[in-house]
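Each chain, letter by letter, is given below.
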Amino acid sequence: MSIIKEKLTDKQLRIIQVIAGILCAAALIVSIYIVPLITSSEKNSIFSYLFLVVFLIIMIGRRKIEAKYRLRLNLFGLVLIDGLVVGILIYALLAFGEIDLDENIKILIVVGVVIALLILGVYLPARRYLKRKESGKLIPIRLPEPAEEPEHKEEDTLKDQDPMTIEQQIAAMTKELDNNDGDDK
C-alpha cells in the first residue's frame, strides 16, 4: 500500500480524503437514524451504542492510517464534520414538521444554518487553502520520514547508562584526582 501512496499525487490523496470523509459521515448518519428503528421495542439495547462504535472505528482507523502511511488527514476530518452537520440539518428539518412554529421562521432557521455551514465549513477552509497555495506555504499531506541516528551513538549512551564496576569507579576517581592535582599546581 505504501507503493500506492507514493504513486498518488497530493491532489489524488485529497480526493480520496474527501470521498472517505463523505462515506464515513454517511455511516455515522445512518447509525444515528437506524438506532430508533431497531430499538423501538427495547430501551436498553446494544444497538443504542451503534453511533459510538462506528465513531470509534472511524477515529481509530484514521489514527492508524496517519501513523502507518505518514499522512495528514485534516481534509478528511473537515469533510467528516461537514457531513455530520448536514446529517443533523436533515434531522432538524424532519423534526421541524412536529414543532409548532411559523413556516417563515422555520425557513429562516434552516437558511441560517445552511449559510453558516457553507461559510464556516466550506468557504473559510477553502480560502485558507488557496491563500497557502498562492504563498507557497501549503502544508504537505505526506509527513517527512523520521531521521535515523547512527548506531554508534546508541552504543555510547548504553555504555554511559550501564552501572560502573568497582574497578571503573576507582579508575574514574583516580583520573579525577589526577586532573584536580594538575590544576592546583
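Here the structure is a predicted model, which means the values were calculated and not measured.

Undergrad: What am I meant to see in the nonpolar core here?
TA: As a rule of thumb, nonpolar side chains are buried together in soluble globular proteins. In terms of nonpolar packing, the biggest core is built from 14 residues, with Cys24, Leu28, Ile58, Leu71, Phe76 and Leu80 touching the most fellow members. Look past the residues within four positions of Phe76 in its chain and what remains in contact with it is Gln17, Ala20, Gly21, Cys24, Ile58 and Arg62.

Undergrad: How do you make sense of the pattern of salt bridges when you look at a structure like this?
TA: Pairing between side chains of opposite charge can happen when their charged atoms approach one another. On inspection of all chains with the given rule, the structure shows 4 salt bridges. Put simply, Asp10 and Arg142 hold a salt bridge, and the shortest N to O gap is 2.7 Å. Placement of the pair is Asp10 in helix H2 (residues 10-38) and Arg142 in the loop between helix H5 (103-135) and helix H6 (151-161), with a sequence separation of 132 residues. Take Asp10: its relative accessible area is 29%, and that puts it in the partly exposed class. Residue classification places Arg142 among the partly exposed positions, given a relative accessible area of 24%. The salt bridge involving Lys106 is made with Glu103; its shortest N-O contact spans 3.6 Å. Here Lys106 and its partner Glu103 are both found in helix H5, 3 residues apart, which amounts to about one turn of the helix. The network of salt bridges with common partners includes Arg62, Arg63 and Glu66.

Undergrad: Mind showing me how you'd approach the packing of helix H4 (residues 74-96) against H5 here?
TA: Angle between the axes and distance between the axes are the two parameters that describe a pair of packed helices. Packing of H4 against H5 leaves a shortest axis separation of 11 Å and a crossing angle of 175 degrees. Overall, the two elements H4 and H5 adopt an arrangement that is roughly antiparallel. From H4, Leu78, Asp82, Val85, Val86, Leu89, Leu93 and Phe96 reach across to H5, where they touch Lys106, Ile109, Val110, Val113, Val114, Leu117, Gly121, Val122 and Pro125. Residues that form the contact of H4 with H5 fall into these classes: 13 nonpolar, 1 polar and 2 charged.

Undergrad: Could you clarify how one ought to interpret the packing of aromatic side chains in this entry?
TA: Working definition: an aromatic ring pair is given by the centre-to-centre distance plus the angle between the planes. Under the definition given, this model contains 2 aromatic pairs. Seen in terms of ring centroids, Tyr33 and Tyr91 are 5.9 Å apart; in terms of plane orientation they differ by 40 degrees. Their pairing is tilted. One end of the pair, Tyr33, is in helix H2; the other, Tyr91, is in helix H4, with 58 residues separating them in the sequence. Both rings, one in Phe51 and one in Phe55, keep their centres 6.2 Å apart while their planes meet at 15 degrees; by these two values the pair is stacked. Pair noted here: Phe51 and Phe55 are both in helix H3 (residues 50-69), with a separation of 4 residues, about one helical turn.

Analysis parameters
- Residues numbered from 1 in each chain as written.
- Predicted model: local features only at pLDDT ≥ 70, side-chain atom pairs only at ≥ 80, totals over all residues.
- Heavy atoms only, no water.
- Core = buried A, V, L, I, M, F, W, Y, C linked by side-chain atoms within 4.5 Å.
- Buried < 20%, exposed > 50% of the residue type's maximum accessible area, 1.4 Å probe, protein only.
- Contact = heavy atoms within 4.5 Å.
- Salt bridge = Lys/Arg side-chain N within 4 Å of Asp/Glu carboxyl O.
- Helix = DSSP H or I, 4+ residues; strand = E, 2+ residues; numbered from the N terminus.
- Axes fitted to C-alpha atoms, helices over the stretch in contact; angles between N-to-C directions.
- Parallel < 35°, antiparallel > 145°, perpendicular 65-115°, else oblique.
- Nonpolar A, V, L, I, M, F, W, Y, C, P; charged D, E, K, R; others polar.
- Phe/Tyr/Trp six-rings, centres within 6.5 Å; stacked < 30°, edge-to-face > 60°.

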